[in-house]
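Reading the structure
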Amino acid sequence: MSRKWLTLLFIMCSFYAVAQKITGFRETDAAKEIQWEKKMDSMVNKGNLDTWMQFLSSRPHHVGSPQGKANAEYMANLFRQWGYDTKIEEFYVLFPSPKSRLLQLLGPTPFTAKLDEPALKEDKTSSQKSEQLPTYNAYSADGDVTAEFVFVNRGVPSDYEELARMGISVKGKIVIAKYGGSWRGIKPKVAAENGAVGCLIYSDPADDGYGTGDVYPKGAFRPADGAQRGSVMDMPVYPGDPLTPGVGAVKEAKRLDRKDAITIMKIPVIPISYADALPLLESLEGPVAPRSWRGGLPITYHVGPGKSKLRLKLEFNWDIKPLYNVIATMKGTEFPDQWVIRGNHHDAWVNGAADPVSGMVAELEEARTISELVKQGFKPKRTLVFCAWDGEEPALLGSTEWVEFHQEELKQKAVAYINTDGNGRGFIDAAGSHGYETFFNEIAMEVKDPQTGVSIRDRRYAKNLADADRAGKAKLAGNKYLKLGALGSGSDFSPFLQYLGISSLNLGFDGESEGGEYHSIYDSYDLYKKFKDPGHAYGAALAQTGARIMMRLSAAEVLPMNFTNFYTTVADYATEVKALAEQERTDAEMEKKFATEKIYELSNDPTLHLKPKLSKGEVPFLDFSTLDNALVQLKSKTEEFQQLYTKASSLDAAKLKAFNEILYKAERSLLQENGLPRRKWYKHQIYAPGFYTGYGVKTLPGIREGLEQYQFKEAQDNIRIAASTLQQYTNQVEAAIALLK
C-alpha cells in the first residue's frame, strides 16, 4: 500500500474516532483514546488467560492454604514484571474449617450421608483429596442435635408462612431446604428465627443437576454426589471478619469474643448432595408439598415430619488465618491522588477455575495490556490500582478488611471501583452506580461480541428483547440503551459501595455457560475448558471491556458522570415502593374480608393457595411527600447540570480538579452514618443486600424492607431519611453547577 493511501486511511480512521464522541473527552483527545483502545484490543492474548488459569486453578486455594499464598505471590510477580508498584497486604481473620461432620437418618431405615464428592478420572484435579476442603458451610455453629425434620422448600420467610397455614411448626426440629430463592445464609437464619435447631441445604437436580442437562463429566451439570460449599455468615448484617467489624483485621486489631460475634450462625448447618438428600426426603410424611415446592427427585415430595429422626453433629476448628491481598499501583500523571480501582478475588472453595479464576485472569490481562500501552506513550491521568482479593468466598474478607483499614484514604481518593468475579460465554451482565450508566453504554458499544461480531451492547439488547413479554418487547423496540442493574451483595464491590459510598460497577459475561459445578471440586480447569469458555473468547472480551473502563476513567479530562441517569432510576424505585405500600393496604383489606367471610375454610389443600398471607396488622397511610419533593428538586438540578456539563473542559486546572472531586464524591452523599435499620454497617440508602434475600438487592432499602416486614413506622421514618439523603446528593449537584457557572 502506498504512503498516500496509508495517509488517507489514517485520516479516515481519525475522522471516525473524532465522530465518536466520548463523554469526558475533548474531540481530539477522544480520537487518540479510541486509537489506544483499538491497539489494546489487538494486544489481548487469550493464551495468557489459559496459562494463568492452569496455574491458578492447579491446586485447591482456599483461605490459609499453601496454594492460596503461592497464587498471591505468582500474581504479584506478574504485576511487578509489568511495571506496577506491587505489595501483598496481609490481614488475619476468623476462618472455621470442619473438624467432624455426621448426618444420620435414624429409625426403621437408617442411613448415613456420605458427605463426600468422588474424584472423576475425567477431571485431573478432582482427586486432590488431601488438599480439598470437605463439603461444609463456613460460620455454621458447632452442634450435636437429634430431632424430627421438615422440608421447608427454599427456606425463605414466605415458606414459613405457608407451613403455618398447614399447621406445621419447625420449632425444635431440623429443616431441609433447597438451594436457591435466596442467598444460602438466609436459610439457617430464618430457620433459627422460627425455632429450628439445625439446617440442611441440598442441591435439587431440577435446579442444577440432571433436570437441567447432562451431569458432569458428560455435561456441565451437578452429579448426584456434588454439593455446594459456601458461607452462611449473616453478611446482610455486615461482611468481613466477624471479630473486627468496622476495622481492618491486622495482627494487632482488637477482636470480639467469638460468642459476641452476631454474624456467626446460631444453629448447625451443612450442605448435602441430592444423593444424600433423597433417602431423607423419601422418609418424610405429612402433607404433600405445594406444587411450586417440588423438585426433580423421583419421589412425591412431602413436607413432613416422618417417623424417623435425624442426627446432625458438626464440630469446627475456629482458627485465625492469614489473608493475602495483592495490590498493584500505577501512579497517575496529573491526578495521582484520584484512584481508579479494579478488583477480582483469587481465593476459591476448591480449585475455582470458573469462580473466581476466569475473572481474575481477565483482570491480569487488562493490567498487562495497559502497562504495554504506557510504554508506548499512553498516559493515565489518574492512578490505577489493580487488586486481587483473598477471602471473598467466606465473607468478602479480603476486600472488606482492606477497605476498613484504608477507609480514610479511600474516602478522599477513590474515584470508582470496578469488580468482576466468575465469567463465561454469553451476554454482558452489568450492574452498579447509575451515574455511570451512560458511560458504560459507550463502552459496551465499542467491544465486539466474539461469537456474533456485533457489539456486546447489541447482543445483550437482542437477548433482552427475545426474553421480554409482549409489553416488554414494545417498550424495548428500537431502544438499545442498557440499564445497569442495582448492586446488592455477593462480591467484593459491597464494602466500596455500601460502606464508603464509592461508585462501583460489577461486570461479567454469562447466559450460555450454565452448569452445576458451583463451589464443588468439579469447578476445575478441565470442566471450564470443555463447557464454560473453551477458547477464552469471552475472557478476552471481558479484558477488553474492563481495560476500556480503566483507561477511560483514568484518562478522561472530566469524569463521565450523568446525574440524570441516577435521578430517573431512583424515581422508578420511589414509584415501586409507593406501589408496594398500596399493595400492602389492598392485601390487608382482602385479608379482613376473607376472614369475615370464612374463606379460609374453603379448602384444606395447601396446594390450592386459597388462603391469603397471615395477618400482620393494619396498614396505615404513609406520607411520601418529602420523598416526592426531594425528587422534584433532584430532577431540576440534574437536568441543569447535564446542560452545562460540556463547559467543564474550559475550567482552569484548579477548578477542574475541584469539579471532578465533586463528581466522584457525590456517591458518598448517599450514605447515612447510622446505616440501615438493624445493620449499621450498610450506610448506603439507595442500594443494599436484602435482610432476607442476602445477595439480592433491595433499593430504597429502609423504606422497602420496612414495608415488607410490616414495620410501618420504620418505613415512614425511612421515607424522611431517604428524602434527606437525596437532598444531600442534590447539594453536590448544585456545587458542581456553581463551578460550571
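Residues numbered from 1 in each chain as written. Predicted model: local features only at pLDDT ≥ 70, side-chain atom pairs only at ≥ 80, totals over all residues. Heavy atoms only, no water.

1. With respect to the overall build of the chain
- Along its length, the chain carries 23 helices and 17 strands.
- Radius of gyration (C-alpha) of the chain: 26 Å, near the 27 Å computed for a compact globule of 741 residues.
- Seen through its C-alpha atoms, the chain measures out along the principal axes to roughly 90 × 65 × 55 Å.
- Here the chain holds 741 residues, and the buried ones make up 60% of them.
- Within the chain, contacts between residues at least 6 apart in sequence are counted, and of these 79% link residues at least 24 apart.
- Accessible area of the chain: about 28,200 Å², with a carbon and sulfur share of 53%. (Helix = DSSP H or I, 4+ residues; strand = E, 2+ residues; numbered from the N terminus. Rg over C-alpha atoms; globule rule 2.2 N^0.38 Å. Buried < 20%, exposed > 50% of the residue type's maximum accessible area, 1.4 Å probe, protein only. Contact = heavy atoms within 4.5 Å. Areas by Shrake-Rupley, 256 points an atom, 1.4 Å probe, with all protein chains shown as cover.)

2. Observations concerning the pattern of salt bridges
- Applying the stated criterion across every chain yields a total of 47 salt bridges.
- Lysine 413 serves as the salt-bridge partner of aspartate 337, at 3.8 Å between the closest nitrogen and oxygen. Here aspartate 337, found in strand β11 (residues 335-345), pairs with lysine 413, found in helix α12 (residues 407-413); they are 76 residues apart in sequence, far enough to count as distant.
- With relative accessibility at 46%, the residue aspartate 337 sits in the partly exposed group. (Salt bridge = Lys/Arg side-chain N within 4 Å of Asp/Glu carboxyl O.)

3. Looking at the sheet that holds strand β5 (residues 149-151)
- Strand order in this open sheet of four strands is β5-β6-β7-β9, and the pairing throughout is parallel. Either end of the sheet is taken by a strand with one partner, and the two such strands are β5 and β9 (269-272). Direction aside, the axes of adjacent strands within the sheet are offset by 20 degrees on average.
- When strand β6 (residues 174-178) meets strand β7 (residues 198-202), the two strands line up parallel, connected through five bridges. (Pairing = 2+ DSSP bridges. Axes fitted to C-alpha atoms, helices over the stretch in contact; angles between N-to-C directions.)

4. Digging into the packing of aromatic side chains
- Counting across every chain of the model gives 33 aromatic pairs.
- Consider the rings of tyrosine 499 and tryptophan 681, whose centres lie 4.8 Å apart with planes at 15 degrees: the pair is stacked. Residue tyrosine 499 is found in helix α16 (residues 493-499), and its partner tryptophan 681 is found in the loop between α21 (653-665) and β16 (687-689); the two are separated by 182 residues along the sequence. The pair formed by tyrosine 499 and tryptophan 681 is uniform in burial state, with each residue classed as buried.
- Taken together, the aromatic side chains of Phe563, Phe566, Phe641, Tyr645, Phe659 and Tyr729 make up a single cluster linked through ring pairs.
- The ring of phenylalanine 691 has lysine 189 sitting right over it, with the charged end atom 3.4 Å from the ring centre.
- One Lys or Arg, arginine 678, reaches over the ring of phenylalanine 691 and ends 5.7 Å from the middle of that ring. (Phe/Tyr/Trp six-rings, centres within 6.5 Å; stacked < 30°, edge-to-face > 60°. Lys NZ or Arg CZ within 6 Å of the ring centre and 35° of its normal.)

5. Some words on the confidence of the model for the chain
- Overall, the predicted model of the chain reaches an average pLDDT of 94, with 94% of residues at or above 70.
- In the model, residues 1-18 has pLDDT below 50 throughout and makes eight contacts with residues more than four positions away in sequence or in other chains.
- Overall, residues 599-603 carries pLDDT values under 50, and its contacts beyond four positions in sequence, including any with other chains, amount to nine contacts. (pLDDT = per-residue confidence, 0-100.)

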